[in-house]
Every structure is written in C-alpha cells, then in structure tokens.
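Structure assessment
Okay, here's what each chain looks like letter by letter:
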2 protein chains.
Amino acid sequence: MANQTFNVAILGATGAVGEQMINTLDRLDFPINSLKLLSSKRSAGKKIKFRNEELTVEEAKPESFEGVQLALFSAGGSISKALAPEAVKRGAIVVDNTSAFRMDENVPLVVPEVNEHALKDHNGVIANPNCSTIQMVAALEPIRREFGMKKLVVSTYQAVSGAGADAIDEMYEQSRQIMNEEEINPQVLPASGDKKHYQIAFNAIPQIDVFTENGYTFEEMKMINETKKIMEDESLKVAATCVRLPVETGHSESVYIEVEKEGLNVEKIREILSEAPGVTLQDDPSQQIYPLAADAKGKDDIFVGRIRQDLDDKLGFHLWIVSDNLLKGAALNSVQIAFSLQKLGLLK
Amino acid sequence: MANQTFNVAILGATGAVGEQMINTLDRLDFPINSLKLLSSKRSAGKKIKFRNEELTVEEAKPESFEGVQLALFSAGGSISKALAPEAVKRGAIVVDNTSAFRMDENVPLVVPEVNEHALKDHNGVIANPNCSTIQMVAALEPIRREFGMKKLVVSTYQAVSGAGADAIDEMYEQSRQIMNEEEINPQVLPASGDKKHYQIAFNAIPQIDVFTENGYTFEEMKMINETKKIMEDESLKVAATCVRLPVETGHSESVYIEVEKEGLNVEKIREILSEAPGVTLQDDPSQQIYPLAADAKGKDDIFVGRIRQDLDDKLGFHLWIVSDNLLKGAALNSVQIAFSLQKLGLLK
C-alpha cells in the first residue's frame, strides 16, 4: 500500500481553492498516478502545469469520474449535489469542499486533527467543513479533550478571498477609488447572489453569505452546526457573528470559550497548543507577538495567540485564532483528508 | 439660567478630537460667551474659525484657565494630569477626554444617557470614557435597565482615527504601497509608543494601546473597568478583545450579553432601542439592513443591528454596535456632558 498511487480528479480546478488544491497535492507529495482537472464548460480548455506535465482542464460530466479513485470537489454546492453521486457510483471517494453535504448525517464532516475516525463511516462522500469552522475547531479541540467545553462564542474577521476572486478584485478596486475620491460601485460583497452590495474597502460588513430565517447568516449557522457535528457534542453551546473585512487572505477569530473542568490557565493552554498538530503558538504580549492575517497568508498552520483567562470567570478563556482560509480553511484540509483516507486504507 | 452663556476653553484644539469639539459646540449651539483654544507650544499660533470669529490657538499654561467656566481637555493623559488641577483651582469644570482620571473614584465617568446623575458628585473633573466603551454602554444600558445584565463579551473592530491623524495617514499610505507592490514601513500602529509596528492596511491587528501585565491591552482593560464603573455594577462580568482594522473612522463591536430576567427577545430589544436616546436601530436582515462603519462616519448616533437571541441560551443575545469614534466616542459625548452640567445647574 505504501507504494500505491491514485487516480485523482479535481472539480473546480480553475478556482482559487482548486488552484491551491493542485499546489498542495504537489507540495505534500500526494501519491498520484493520474490527475484529471475538471471545471465548468466555460473554463474547460485551460492549460495548467502539474509537476512536469501540462494538463488540459476538461468539462466535468458524469463520465469524467470513470476510473477516478479520489475526487476533490470545490465548484459550488449545486454542482456537488449533481456530480458527487455520479462520482461515487463510479467508485470514487468524493471530498467535497462545498456546504452541500456537510450536515447530511450520512456524510462525515472531517478535520483530520479533530475527528479523523469519522472517515470510517463514509458512504462515498466526505465533507470538508467551512473555512472559519476548520481553524477554530482544530485550535480548540486539544483544549476541549483535556478540559471539556461548555460554551463557545466567536466573532470573526474574515478575508475577502473566501468570497472568490471577484471579491478580491472588488476590494482593491474600491480601495483605489476611495483614495482617488472616485465613486464606488459595489457589486460583489457581502454576497454576490444577494440583493444589496456594500463598500468593503475601509469598512467591516457584518454579513457573510445570505441571511437565514432566524436572523443569523448561513455562515454563522455553518459555524454553529458544523462545530457541534465535528466535535460530536450537541450540548456544546456555540454562537457566531461573522464579519467580512478588507483583508485579502487570512481569517482571524476572536473566540471566547468556557471549559468544564477547573485547573486550566494560560500557561496550560500554551503547553497544550504547542504540542497540537497543525497549530503554531504565537503568544508573547511582552514582545507584541500574536497572529496576524497578513502573516498567515500562504502558510499551512493555524496560529493562536492573545490567550487570556477571563478576569471574572475562571472557566472562561479568550483566544485569537488566525489561518489562511484557502489552505487549512479549504485546500489543505481536503488534501489532509485524502492522506487520512490513504493511511486508514479507505482509498481503494 | 436659560440665557446664561459660558466661558469655554478647549485644550488640544488642533487635534482630531479637538476639531470635532469645536464643530460640535457650534453645531449643537452650546451657549458660549467666549471660546479659548489651547494647545501645545508647537501648535500655538494657528488660526481656527469659530462662528464668525477667527481665533488664535494659544499655548496652554496654568494661567490660561483664569475666568474659564468649562474646559474640554483632549491633549493626552500627562497634560491632563498637569493642567486639570490648575484649571479646577481657577474655578473651571474640566471634562477630560483622556484616560488620566477615568478610574479615579473621586471623578465621575459619564455617558449622559447612562449615568448623568453621577455628575452631581464631581470635584471639578469629569472624565469622558474611552470611545469603544461609550457606544457600547449607551446601547446596552436601556436593555440592562429592564432585564438586568450578568455578562458581556465584546470583540471590537476599531478604526485607525482612534490612534490619531498619523495612523490615518499610515493606513492610506500603506494601502497605496501594497497595491503598488512597494515595501511598507510601519511606524505608527498598533501603538505609536510601542516597540514594534505592524501592517494595518489589508490586515487586522489584535492590539490597541500597549499591553498590561495581565496579558490584556490597556484598551481592553479600559473597556472592562469603565463599563463596570459607568453601569455601577462591579459584579457585572465584562470581557473585551480589541482589534484595530483598516477603517478610517467608525468603531464596530460584536457584543454578546447575558441578561438576568427571562422574557427578553429580539422584538423586545428592538422596541427598547427604538426609544433609546442617541441610538438608531438599523436591523432588518430581510433587507440586509445593519450598521456599517463607513455609514456611521460623521453621524452623532449609535447604530445597532444584527440583534439575535442566542440559539443555545435564551438569556443570551448578540448585537452589532457601530458609532463614529470621534463624535459619540469623544467630542460629542464631552459636549453632551457640558449640556448636562448646564441642565443640572452645575456650570457656574
């Protein structure tokens, strides 16, 4: 098995996350026999270099998945819903980076550092969680394992790249226009499919994705529901307020937690996190060391700092958690799921 | 008394807040007999127009306060400490916008909508709270009065103008440099007096003011201590994480509260806040209506939206609170304190 290589497909290969998936498979040396790049009809025909080959992007069709063992999907929820069953029917395992299947009880929702074991129950599809959820649960799980967790309140500071390349362009274009005292014409953010669009440059927009009936946004509901599912604790109280910032890449999160067991303190959290897989501690107030979104861009790790015990509640703690939303928040986590599948002998 | 006019001095008249104080006194028609503009030696001699007069800024000295009835201070904590006693000795009431006297138990710390009554106990100096505290307590107090409050957790999204004109310049200059792919050279933010400086453009910095011994920043400790003092409740649990954003003016806050009494819901909060002085409700998710920092700039009110009941805790609620940090967060609140002093007959 150690020498086994796999036929891999990437659906959504020309998008921001797809591009990172290709890079990450290469960079982490995933054992690939063949790589198939798939996209919508519009992007088909593009050439993308992978290792020493130039690959041509093909239009995704049900037949595209013949012979594919592992398919990484990142082309939007409706495409996942249409094509994932087709890929599974043809014998592929699908790692889906959209929200299409995340809350499906037959689909494992996996951050390998947290719940790799859930992969064993898969029925062909494995869901990759939302970017803002992944970095949070991976940083908090090592604390939760030792001290339990009753409550979690997060306020996010999310980068525009989570809304795609158009959102990045809009942020820079608006920044230029505002500094040149020109009129701006928002058309993408906060949510490209929504009715109204607002200035993102030099602003903070408390809306990511569209609103649900209960007044929370879909992004907030994803963080709430996915966290409980990944941590396998429906009694955990989770609340989220999700905010878009004029930052290109790198989500930051201000997180408040209440643990169950007494005895936790800042030094103990630092000790736990310094040994946590995928986590880098950046926490030295005396030297102004703390995570910054601009520094996290392009890096694999989840950075944690500003760790403080609540001054009024000894079971309460505050943390600042930052990670590249396109890497650990998306492409890297998908590729790590692929490695876990391989390690567990689930990739056939 | 209705026709009485007052001799007013502004210390720090050439700064960003001083400028807004002058504008606000004029705009709200404060009954002024004479206005004296004071500054450091460096800025003395500047000419500033007020109503129909051109006033010359004078260097602030102890004697400057002879005959002054009301002095608005906004020139830094050490200057307040040196000159406030001199002004009080000469019969002036000082409204101080620095942190010099805020936690002094002999000094009322006042947001007129919340604790105007505390003015009666003044000993010559009245402290204006920190910008991020003012907007939060003014928005929460009407809820607290009816339903009590046990706990408050805030994560801030603060504008650079809170760090002065140099910070604004730095943000725009860095934005240009980054878009032109030039090197940046941070020298002001996060705190001009601190050792290290970081990129603010297209970033989020979880440090405002310098760090205290306990790992919290001074800004966070201000929010925690001032909130308890203004709300006159030492048992209220308050936690803050303060973050600087690339926004020129307008602080946003993601606030989680736990109230004491059952029966509160989103509609009731909207009802309470729609009648709250100085508060404007902007809360209609179906129409994507919520407060935005860029819209709040230049406006007197505190804007509140994204009001949600916690999904796991019926006593928990989330709000998004936005206001102009130079107006309600500083100059406007100082002028409102002056009006309250006049109304209560304390200005002599």
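Thresholds, definitions, all that
- Residues numbered from 1 in each chain as written.
- Chains lettered and ligands numbered in written order.
- Predicted model: local features only at pLDDT ≥ 70, side-chain atom pairs only at ≥ 80, totals over all residues.
- Heavy atoms only, no water.
- Helix = DSSP H or I, 4+ residues; strand = E, 2+ residues; numbered from the N terminus.
- Rg over C-alpha atoms; globule rule 2.2 N^0.38 Å.
- Buried < 20%, exposed > 50% of the residue type's maximum accessible area, 1.4 Å probe, protein only.
- Contact = heavy atoms within 4.5 Å.
- Areas by Shrake-Rupley, 256 points an atom, 1.4 Å probe, with all protein chains shown as cover.
- Lys, Arg positive; Asp, Glu negative; His and termini not counted.
- Charge placed at Lys NZ, Arg CZ, Asp CG, Glu CD.
- Pairing = 2+ DSSP bridges.
- Salt bridge = Lys/Arg side-chain N within 4 Å of Asp/Glu carboxyl O.
- UniProt positions renumbered as here; feature names shortened; annotations may be inferred.
- Domains from an automatic or database assignment.
- Buried area = accessible area lost by both parts, 1.4 Å probe.
- Polar contact = N/O pair within 3.5 Å; in protein donor to acceptor, adjacent residues only side chain to side chain.
- Nonpolar A, V, L, I, M, F, W, Y, C, P; charged D, E, K, R; others polar.
- Least-squares fit on C-alpha atoms with pLDDT ≥ 70 in both.
- Phe/Tyr/Trp six-rings, centres within 6.5 Å; stacked < 30°, edge-to-face > 60°.
- Lys NZ or Arg CZ within 6 Å of the ring centre and 35° of its normal.

**Observations regarding the overall build of chain A**
Looking only at helices and strands, chain A has 9 helices and 14 strands in total. Compactness check: chain A gives a C-alpha radius of gyration of 20 Å against a globular reference of 20 Å for 348 residues, within 12% of the reference. Taking the principal axes of the C-alpha coordinates as reference, chain A spans close to 60 × 55 × 40 Å. Each of the 348 residues in chain A was classed as buried or not, and the buried ones make up 63%. The contacts of chain A with a sequence gap of at least 6 include a subset with a gap of at least 24, amounting to 66%. Accessible area for chain A stands at about 13,100 Å²; split by element, carbon and sulfur atoms hold 44% of it. Mean positive and mean negative side-chain charge positions of chain A (37 and 51 charges, respectively) differ by 3 Å.

**What to know about the pairing of strand 11 (residues 251-258) of chain B**
Residues and elements named next belong to chain B. Burial of strand 11 is extensive: 8 of the 8 residues sit out of reach of the surface. Residues His251, Glu253, Val255 and Ile257 line one face of strand 11 and the alternating positions Ser252, Ser254, Tyr256 and Glu258 line the opposite face, and both faces are buried. Of the pairings in the sheet, the one linking strand 9 (residues 151-157) to strand 11 comprises 7 bridges and is antiparallel in character. Pairing of Lys151 across the sheet is with Glu258, part of strand 11.

**Quick look at the pattern of salt bridges**
When the charged atoms of two side chains with opposite charge come close together, those side chains can pair. Following the criterion strictly, the structure yields 52 salt bridges over all chains and no others. Put simply, Asp313(B) and Lys237(A) hold a salt bridge, and the shortest N to O gap is 3.9 Å. Of this pair, Asp313(B) sits in the loop between strand 13 (302-309) and strand 14 (316-323) while Lys237(A) sits in strand 10 (residues 237-241), placing the two residues on different chains. In this structure Lys237(A) comes out as partly exposed when scored by relative accessible area, which is 30%. Note that Glu146(B) and Lys268(B) form a salt bridge whose closest N and O atoms lie 3.8 Å from each other. Taken together, the residues span a long stretch of sequence, with Glu146(B) in helix 4 (residues 131-147) and Lys268(B) in helix 7 (residues 266-274) at a distance of 122 residues. With relative accessibility at 24%, the residue Lys268(B) sits in the partly exposed group. The structure contains a network of salt bridges with shared partners spanning Glu66(A), Glu86(A), Lys89(A) and Arg90(A).

**Quick notes on the UniProt feature "active site" (unreviewed entry) in chain A**
All names here are of chain A. The UniProt entry lists Cys131 and His251 under the feature "active site" (unreviewed entry), expressed in the numbering used here. Across 121 residues in sequence, these annotated residues keep their C-alpha atoms within 8.3 Å of one another, forming a single compact spot. If you trace the backbone, Cys131 turns up in helix 4 (residues 131-147). What Cys131 contacts, discounting residues up to four positions off in sequence, is Gln158, Glu219, His251, Asn325 and Gly329. The residue His251 is located in strand 11 (residues 251-258) in this model.

**Describing the domain arrangement of chain A**
Residues and elements named next belong to chain A. For chain A, the assigned domains are domain 1 (6-129 + 330-343) and domain 2 (133-325). In this structure, domain 1 and domain 2 have C-alpha centres spaced 25 Å apart. Between domain 1 and domain 2, the residue contacts involve 20 residues of the former and 16 residues of the latter. If you sort the residues of domain 1 by the area they bury against domain 2, Met103, Glu113 and Val114 come out on top, with a joint share of 36%. Of the charged contacts, one joins Glu226 and Arg102 as a salt bridge, the two residues approaching to 3.1 Å between their closest N and O atoms. Our enumeration of links across domain 1 and domain 2 arrives at 9 residue pairs in polar contact (both at pLDDT 80 or more). Of all the secondary structure elements, the ones that give two or more residues to the side of domain 1 that touches domain 2 are helix 3 (112-115) and helix 9 (327-343).

**A closer look at the interface of chain B and chain A**
Taken together, the contacts link 63 residues of chain B with 63 residues of chain A. Between chain B and chain A, roughly 5,400 Å² of surface is buried when both sides are summed, and carbon and sulfur atoms account for 57% of that area. Residues Glu220(A) and Arg306(B) are paired through a salt bridge, measuring 2.7 Å at the closest nitrogen-oxygen approach. Joining chain B to chain A, the criterion identifies 44 residue pairs in polar contact (both at pLDDT 80 or more). Elements supplying a minimum of two residues to the side of chain B that touches chain A: strand 9, helix 5 (165-179), helix 6 (218-230), strand 10 (237-241), strand 11, helix 8 (293-296), strand 13 and strand 14 of chain B. Class assignment for the residues of the side of chain B that touches chain A results in 33 nonpolar, 16 polar and 14 charged.

**Side note on the environment of Ala163(B)**
All names here are of chain B. In this structure, Ala163 sits in the loop between strand 9 and helix 5. Taking relative accessible area as the criterion, Ala163 reaches 32% and is therefore assigned partly exposed. Along the primary structure Ala163 and Val238 are separated by 75 residues, whereas in three dimensions their C-alpha atoms are 24 Å apart. When residues no more than four places from it in sequence are discounted, the contact partners of Ala163 are Leu189 and Arg244.

**Some thoughts on the relation of the copies chain B and chain A**
Mapping between the two chain copies consists of a rotation about an axis together with a translation along that axis. The two copies are related by a screw motion: chain B maps onto chain A through a turn of 180° and a shift of 0.0 Å along the axis, at an RMSD of 0.0 Å. Such a turn and shift between the copies fits a two-fold axis. Closest approach to the rotation axis among the C-alpha atoms of chain B is made by Ser155(B), whose C-alpha sits 3.3 Å away. Counting the interface residues of chain B, we find that 100% of their copies in chain A are interface residues as well, pointing to one common contact surface.

**Some details on the environment of Ala159(B)**
Residue and element names in this part refer to chain B. Of note, Ala159 is situated in the loop between strand 9 and helix 5. Residue Ala159 is classed as buried on the basis of its relative accessible area, which comes to 0%. Residues Ala159 and Pro246 lie 87 residues apart in sequence; the distance between their C-alpha atoms is 6.5 Å. Discounting residues that sit within four places of it in the chain, Ala159 has contacts with Arg244, Leu245, Val247, Glu248, Thr249, Gly250, His251 and Asn325.

**Comments concerning the packing of aromatic side chains**
Scanning all chains against the criterion turns up 15 aromatic pairs over all chains. Ring centres of Phe30(A) and Phe339(A) lie 5.0 Å apart, and the angle between their planes is 80°; this geometry places the pair in the edge-to-face category. Linking Phe30(A) in the loop between helix 1 (16-27) and strand 2 (32-39) with Phe339(A) in helix 9, this pair joins segments that are 309 residues apart in sequence. Accessibility expressed as a relative area gives 1% for Phe30(A), which makes it buried. Residue Phe339(A) is classed as partly exposed on the basis of its relative accessible area of 24%. Between Tyr172(A) and Phe202(B), the ring centres sit 5.0 Å apart and the planes meet at 65°, which makes this aromatic pair edge-to-face. Of this pair, Tyr172(A) sits in helix 5 (residues 165-179) while Phe202(B) is found in the loop between helix 5 and helix 6, placing the two residues in two different chains. Each member of the pair, Tyr172(A) as well as Phe202(B), is classed as buried. One aromatic cluster in this structure is built from Tyr157(A), Trp320(A), Tyr157(B) and Trp320(B). Its guanidinium or amino end placed over the ring of Tyr216(B), Arg308(A) lies 5.1 Å from that ring's centre, counting from NZ or CZ.

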